[in-house]
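# Coordinates in review
The chain contents come next:
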Amino acid sequence: MVDTVNSLAARVHELLVALLTEGADARVPGQGASPARGFLGAPPSVDVTTGFHDVVARATTLGPEGTWLVAAGHAGLGVLAIAHGQADQGIFHLDAAVAAGYNDCVTFHAAPIRPLHDDPRFRALYQRMRITAADLDELFWLHQEMQLMSQDAKRAMVDNIGRLDTGVSLLPQAPMPTREPNTPGVLITRIDLAATQTALRRAALKLDFQRSSGNTSLSLIDDSWDYSRARHDAWHADALDSRRLRAAEARAFVERPGAGTTLTPCPPLGSIAYPA
């Protein structure tokens, strides 16, 4: 299969979803494996670290158009290294990510990264990043939306406790920004949000299917199942779904009039409050 920007962006999304749902030890199907091998046994798989290294190598062959995906791969490797307590390796990959155009200064103020703020090497790579005011607005929105959708998922889980109907609900998500970013690094954070949306939706659906199948079994084997309560729960769930959908649509990103498009240094390290 010939690598393209779209195929490698999809691969980064797949790796991030695996990382979010299964943790740093997650494994994913190997990319470019022969389909015939799947018929002979379990399809080959790789850990996410190997997957990100593969993205870097493949994106490098695409030339300038793949540079932002090189940055995405190194950013993923940097986050993984930090999660494993390997600060030196993490800084190495984050430095390579910045060199390839990574400029999400909001991510660099998230809790897992803040312990690196006093490291001179980290401070040096941070000072090399450039961003526009318009792109920074979107970065804040992207990270805020990750937090809001996580909150929606938690509320939906609580709302579904004791629900007796057999329906399932699809966790709504805000539309992805469609503006042309001033810097390609913003595309990396869009994939981060898309992966968060996918992971949360899958988790919510898994719990919903478990509840639904349990209620279906109960309705078949136990005459004590409360049909009237189930109908009420289904109506209530539909109302909540509609409310969540309207709320998600209302959160769509809106460009700030007059937001600058000139590249400037990122806000000083430590000056950004990560969206809560």
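## Describing the confidence of the model for the chain
Averaged over all residues, the pLDDT of the chain is 89; the fraction at 70 or higher stands at 89%. Here residues 33-40 is a poorly scored stretch, pLDDT under 50, and it has four contacts once near neighbours within four places are set aside; other chains count.

## A closer look at the side chain of H109
When you line up the elements, H109 lands in the loop between α5 (87-99) and α6 (120-127). At a separation of 2.8 Å, a polar atom in the side chain of H109 contacts the main-chain amide nitrogen of G270.

## Points about the packing of aromatic side chains
Going through the model one piece at a time under the given rule, you end up with four aromatic pairs. Ring geometry for Y102 and F108: centres 5.6 Å apart, planes at 45°, overall tilted. Judged on exposure class, the residue Y102 and its partner F108 are both buried. Seen from their ring centres, W141 and F253 are 6.0 Å apart, and the 65° between their planes marks the pair as edge-to-face. Pair noted here: W141 is in helix α7 (residues 133-159) and F253 is in the loop between α9 (227-250) and β4 (264-265), with a separation of 112 residues, a long-range link. Here the aromatic cluster, defined as three or more aromatic residues joined through ring pairs, consists of Y102, F108, F122 and Y126.

## Brief notes about the environment of H232
Inspection of the secondary structure assignment puts H232 in helix α9. Each C-alpha atom, one on H232 and one on D165, is 8.2 Å from the other, the two residues being 67 residues apart in sequence.

## What about the environment of V70?
Along the chain, V70 turns up in helix α4 (residues 67-83). With a relative accessible area of 13%, V70 lands in the buried category. In sequence terms V70 and H53 are 17 residues apart; their C-alpha atoms lie 9.2 Å from each other. Sequence-distant contacts of V70, that is, excluding residues within four places in its chain, are made with V56, A59, T60 and A100.

## A short note on the pattern of salt bridges
Per the stated rule, a full pass over the model turns up 15 salt bridges. The salt bridge involving D88 is made with R121; its shortest N-O contact spans 2.9 Å. Taken together, the residues span a long stretch of sequence, with D88 in helix α5 and R121 in helix α6 at a distance of 33 residues. In this structure R121 comes out as partly exposed when scored by relative accessible area, which is 42%. The partner of D137 in a salt bridge is R256, with the nearest N and O atoms 2.8 Å apart. Of this pair, D137 sits in helix α7 while R256 sits in the loop between α9 and β4, placing them 119 residues apart in sequence. A relative accessible area of 22% places D137 in the partly exposed class. Of the residues examined, R256 reaches a relative accessible area of 44% and is grouped as partly exposed. A single network of salt bridges, built from pairs that share partners, joins D135, E138, R179, R190 and E255.

Reading guide: rules and limits
- Residues numbered from 1 in each chain as written.
- Predicted model: local features only at pLDDT ≥ 70, side-chain atom pairs only at ≥ 80, totals over all residues.
- Heavy atoms only, no water.
- pLDDT = per-residue confidence, 0-100.
- Contact = heavy atoms within 4.5 Å.
- Helix = DSSP H or I, 4+ residues; strand = E, 2+ residues; numbered from the N terminus.
- Polar contact = N/O pair within 3.5 Å; in protein donor to acceptor, adjacent residues only side chain to side chain.
- Phe/Tyr/Trp six-rings, centres within 6.5 Å; stacked < 30°, edge-to-face > 60°.
- Buried < 20%, exposed > 50% of the residue type's maximum accessible area, 1.4 Å probe, protein only.
- Salt bridge = Lys/Arg side-chain N within 4 Å of Asp/Glu carboxyl O.

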